[in-house]
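Overview (structure and organization)
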Amino acid sequence: QVQLVESGGGSVQPGGSLRLSCAVSGSIFSINFVDWYRQAPGKERELVAAITSGGNTKYLDSVKGRFTISIDNAKNTVYLQMNSLKPEDTAIYYCNVHFSPEFTSWDELWGQGTQVTVSS
């Protein structure tokens, strides 16, 4: 069965960097769309970044210029590179992958979440 495995979270000081990965295991036809979300305690879930299979991207205003979303199709892995991290970036981050298991189908999976903590 197709699964997502997230990795790359951790604790860093302000100004530090992390790269989150979301690996798709199992055979799929294509990745169609990817979102990265985050949720901090007591706050609503928010969309951080999104990318289409064609490479079009969008970002939350507060992370523009600091975060980069990308897809490595050869590895069926999506990434969120996070630079110049701020305490406000502290949250659990989730990848959300929309894909086609086969040519005629469309499905969606969520990663298990990975904790990012930014503090002095």
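Presented here is a report on the structure given in the accompanying data block. It should be emphasised that the depicted structure is a prediction, and the values quoted were computed from it without experimental measurement.

Now for the side chain of Asn96. In this fold, Asn96 is placed in strand S9 (residues 91–100). Among the polar contacts made by the side chain of Asn96, one reaches the side chain of His98 at a distance of 3.0 Å. A polar side-chain atom of Asn96 sits 2.8 Å from a polar atom in the side chain of Glu108. Contact partners of Asn96, with chain neighbours within four places excluded, come to Phe33, Val34, Asp35, Tyr37, Glu108, Leu109 and Trp110.

With that settled, the discussion passes to the sheet that holds strand S7 (residues 67–72). Read across the open sheet, the four strands follow the order S1-S3-S8-S7; overall the sheet is antiparallel. At either margin of the open sheet sits one strand with a lone partner, and together these are strand S1 (3–7) and S7. Sheet twist, expressed as the mean angle between neighbouring strand axes with direction ignored, is 15°. Pairing geometry for strand S3 (residues 18–25) and strand S8 (residues 77–82), over six bridges, is antiparallel. Counted as the bridge partner of Ala23 is Thr77 from S8.

Rules of the game
- Residues numbered from 1 in each chain as written.
- Predicted model: local features only at pLDDT ≥ 70, side-chain atom pairs only at ≥ 80, totals over all residues.
- Heavy atoms only, no water.
- Helix = DSSP H or I, 4+ residues; strand = E, 2+ residues; numbered from the N terminus.
- Polar contact = N/O pair within 3.5 Å; in protein donor to acceptor, adjacent residues only side chain to side chain.
- Contact = heavy atoms within 4.5 Å.
- Pairing = 2+ DSSP bridges.
- Axes fitted to C-alpha atoms, helices over the stretch in contact; angles between N-to-C directions.

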